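# Coordinate inspection notes
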Number of protein chains: 2
Amino acid sequence: MQVTLKELAERLKLAPSTVSRALKGHPDISEETQLRVRRLAEELHYAPNVMATNLRCQKSNFIAVVVPEIRRDFYAAFVNGAEKIFRENGYFPVLFQSCEDFRQEEAICRSIGVSRMGGVLVSVAQTTHFFQHFYSLQEQGIPLLFFDRIAGELDTDRVITDDFMGAYEVVRHLIVQGYRKIVHYAGVQHLQVAQKRRLGYLQALQDFHIPVEEDMIVYCNTAADVSLYTPQLMQSLAPDALFAVDDDMAVEVLSVLKEMGYRIPDDLAVCGFSGDNITKVTEPGLTSVDRHAEDMGEISARLLLERIQMPHKFPTVTKMIKPALVVRKSTERPVRPLE
Amino acid sequence: MQVTLKELAERLKLAPSTVSRALKGHPDISEETQLRVRRLAEELHYAPNVMATNLRCQKSNFIAVVVPEIRRDFYAAFVNGAEKIFRENGYFPVLFQSCEDFRQEEAICRSIGVSRMGGVLVSVAQTTHFFQHFYSLQEQGIPLLFFDRIAGELDTDRVITDDFMGAYEVVRHLIVQGYRKIVHYAGVQHLQVAQKRRLGYLQALQDFHIPVEEDMIVYCNTAADVSLYTPQLMQSLAPDALFAVDDDMAVEVLSVLKEMGYRIPDDLAVCGFSGDNITKVTEPGLTSVDRHAEDMGEISARLLLERIQMPHKFPTVTKMIKPALVVRKSTERPVRPLE
C-alpha cells in the first residue's frame, strides 16, 4: 500500500500543505524542512498522486500539447521528446491535433481553459490568422509556449529552428555541388517558418551571384500540390535541383520525378527540410535539414516547466535551435565543382 | 450571436433538461416533442456548446484515445479516422500515448476516470499483463472500446483486424511466387495480434505442405532486434523470404539486407504487415497487408458513440476488419511458379 501525502504529514508533524510545498522545493519552506520531508518521502517510497494533486490545486499537472498533425514525423518526434521531460517531472501531457483547422484550434484552447491545464505547448495551424484564443489562455494565467510555428504578436516563450540558416546551408550545398537552376517549393508565407526558409534560399543564391527568377519559387500548401505542379514545371523551367520546404513535399517530388523517368541525383537533385525518418529510407536517401525534433521537444518542455514554476521570474525567452544539414545521395552529383 | 440551450427552451416553453434530452434522442421524450425541438434548433442554428455540456453533465463530450505510440503510422492514421467521426458528432478526442509502458497506461486510465471522460478507445501497451486499470474504468461506467491490441478478458466492444487471414494471404502469396524458405519475424506473443499472424503464417505453410521448422520463427520486440538478428540468421538459415510482423520491422529488414549487399526481390523477398505509408516509398516498394487504419478509426469511433448513447441497448460487439494484401516489388520474383 502506498503512503499518502496526509500520512507523510502526520508522521512529520507538519501540515500537508507544508509537506507538499517542501516536496516542490517552494522557497517559503526552509532547506532543513525540505531535506527532512524528502528523506522520509524517499524512505516510504512516497509517489505524488498526480490526479489528486490535480483535483486539489488550482494549477494542474496536465500539460496540453497542440500540434497541427500528429501524423507528421516532426511533430510526433517533438511530442516524444517533450513527453519524456514531462513524465520525469511528474507532469502529464495531453495531446491535441488541430488538423490545420483554425476552428478546431479555438475549440481546443477553450477546452484547455475550462479544464485548467497547467501549461500549453503549441504549434499554430496553417489556417490561423487571428490569435484571440491564445490571448484568452494568457489572460487566464495559463503559461503558453509556441514552438516551430509561432504567433508572432504574442509575448510568450518560444522554441524555434534557425530556418533561415538551415535553408541557406542546404542551398549553398546544392550550389557547391554544381547545381544552378534551383527551384524552391515554398510553403504558406504567413507562417514565419516558411518565410524564413524562402529568405535563406534567396540569400544563398544571391551570395553566389546566381540570378534569382521569381518563377523559380513555387508556392504549395500540400504534397498534392507538388504532384500537380511538378510535371509542368519540369517542362517550363527545366531545373537541375528542387528544394522543398518540408520532407513530405520532398518525398512527393522524388516519387513524381522517378515516375517521370528522371534519375536522381544524376539528372536532378532533390532535398527537403526537417530530418523526418522517411528521408533515410527513400531511394536515393534524401538530403534534408535535421531540426532535432526530439531535442526541441525536450527543450520546450523544460522551458515551459520553468515558466510554470516561476511565472514572472524572467522575461520571455526565444530559443533558436541550430539545425544540421544531412547530406544523402539525392544531392550528390559527380559534376564540375565550383571553381 | 449563437442561441443557447436556455433560450431554445424558453421559446419552446420546455425545461432545458427536456430540450437537451430531446436533442439527444432520449427515449423518455416523445417523438413529437423531439421533432418540435429539432426543428427549432435547426431553424435557429443551435449548436451545442461542448465545453459547457461538459461542465454541466456527468457525461463528458471528451473521448480519450490511448495508443501505444503516436509515431507509428498505423496509430496516427487510426486517430485521424476516429477524430473525423468524433468531430462530426460534437465530440472532442484527447490523445494519450502509453509509450508501451504499463505504468504510464495505468496513470492515463486514472486521469480518464478523474476527468470523467465520455468514453475511451484504447490499444493496449506491449508491457501490460494486468488489466485492473481498465476494469476500474468499466466500474465507473465509462464506455471502453479496444482496437487492434485488445484485453481479451474484458467484456467490451472491440474492433480488430483479421490478422490470421492477413498473414495467411501474404505467406500464400510468397509461396505462389516460388519462395520456400520463409522466415517469420514474430512479435510479442502475449499480444493476440502477433499470435494470430504467427498462426496464419504456420497455416499457410502447412496447407502448401511446406515443412515448418521452429527456428524459422524469430521473436522480436523492436526494429533494433531485427538489425541484431538478421546477419546471423542469413548465415544459419539462408532463407529466401522474410515476413515481418509489422512494417517497422520490415523496413528495418530491408535496410539491413540492402546494406549487406542482397538484392531485393532477386535474392530474397521481404514483406511486412500494416500498410504504413512508408511501404510506398522504400526501394523496392514493400509488400504489406493493409489494415485500413483510417477506416478502423472511423468504425471504432462510430461504435463507441453508439455505446455511449445506448450503454445497455445491445450486447458487446467485436468487429473484425478484413485486411487487404498489397503486392509491391519487394516480393515479385521472376521464378518458376507453383505447378
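Here the structure is a predicted model, which is why all the values come from computation and not from measurement.

What follows covers the interface of chain B and chain A. By a frequent convention, interface size equals the accessible area lost on bringing the separate parts together. Listed as interface residues are 35 residues of chain B and, on the opposing side, 35 residues of chain A. Taken together, both faces of the contact between chain B and chain A bury some 3000 Å²; the carbon and sulfur share is 60%. Summed over the shared surface of chain B and chain A, the result is eight salt bridges. Here A:Arg71 and B:Glu294 are joined by a salt bridge, their closest N and O atoms 3.5 Å apart. Across the chain B-chain A interface, the total number found is 17 residue pairs in polar contact (both at pLDDT 80 or more). Of all the secondary-structure elements, those providing two or more residues to the side of chain B that touches chain A are α4 (50-56), α5 (73-88), β2 (92-97), α6 (102-114) and α11 (247-259) of chain B. Tallied by class, the residues present in the side of chain B that touches chain A amount to 19 nonpolar, seven polar and nine charged.

Here the focus is unusual backbone geometry. Cis rather than trans, the peptide bond between A:Ile264 and A:Pro265 has omega equal to 10°. Counting through the fold element by element, A:Pro265 comes out in the loop between α11 (247-259) and β9 (269-271). Phi at B:Asp148 takes a positive value of approximately 60°, unusual for a residue other than glycine. Checked against the element boundaries, B:Asp148 lands in the loop between β4 (144-147) and β5 (157-161).

Parsing chain A into structural domains produces domain 1 (5-48), domain 2 (58-159 + 292-321) and domain 3 (163-291 + 325-331). The distance between the C-alpha centroids of domain 1 of chain A and domain 2 of chain A comes to 30 Å.

Once that is clear, we can look at the confidence of the model for chain A. In regions of low pLDDT, the predicted coordinates are not meant to be interpreted in detail. All names here are of chain A. Per-residue confidence for chain A gives a mean pLDDT of 89; residues scoring 70 or more make up 94%. Note that residues 49-58 has pLDDT below 50 and, in this model, 16 contacts with residues that lie over four places away or in other chains. Listed scores for the predicted complex are pTM 0.77 and ipTM 0.71.

Moving on, we get to the packing of helix α1 (residues 5-12) of chain B against helix α2 (residues 16-23) of chain B. Residue and element names in this part refer to chain B. In the contact formed by α1 and α2, the axes pass within 8 Å of each other and the chain directions differ by 100°. Taken together, the axes of α1 and α2 lie roughly perpendicular to each other. The segment α1 lies against α2, with Leu5, Leu8, Ala9 and Leu12 engaging Pro16, Val19, Ser20 and Leu23.

Rules behind the numbers
- Residue positions are given per chain, counting from 1 as you read along its sequence in written order.
- By the order in which they are written, chains take letters starting at A while ligands take numbers starting at 1.
- Thresholds applied to this predicted model are a pLDDT of at least 70 for local features of residues and 80 or more for the giving and counting of side-chain atom pairs; totals over whole chains, interfaces and linings are not thresholded and use all residues.
- Think of the side-chain values as coming from all heavy atoms in the structure, minus any hydrogens and water.
- Whether two residues touch is decided by their heavy atoms; if any such pair falls within 4.5 Å, the residues are in contact.
- The buried area of a pairing is the accessible area, by a 1.4 Å probe, that goes missing from both parts when the two are put together, added over both.
- Whenever a carboxyl oxygen of Asp or Glu lies within 4 Å of a side-chain nitrogen of Lys or Arg, that contact is scored as a salt bridge.
- Polar contacts here mean pairs of N or O atoms no more than 3.5 Å apart (in protein, one a potential hydrogen donor and the other a potential acceptor; neighbouring residues in sequence count only if both atoms are side-chain atoms).
- The helix and strand labels rest on DSSP assignments: H or I over at least four residues marks a helix, E over at least two residues marks a strand, and numbering proceeds from the N terminus.
- For this classification, the nonpolar set comprises Ala, Val, Leu, Ile, Met, Phe, Trp, Tyr, Cys and Pro, the charged set comprises Asp, Glu, Lys and Arg, and every other residue, Gly included, is treated as polar.
- In this document the domain limits rely on a domain assignment from an automatic tool or a database.
- The quantity known as pLDDT measures the predictor's confidence residue by residue, on a range of 0 to 100.
- A fitted line through C-alpha atoms serves as each axis, taken over the contacting stretch for helices, and the angle formed by two N-to-C directions is quoted from 0 to 180°.
- The cut-offs work like this: below 35 degrees is roughly parallel, past 145 is roughly antiparallel, 65 to 115 is roughly perpendicular, and the gaps in between are oblique.

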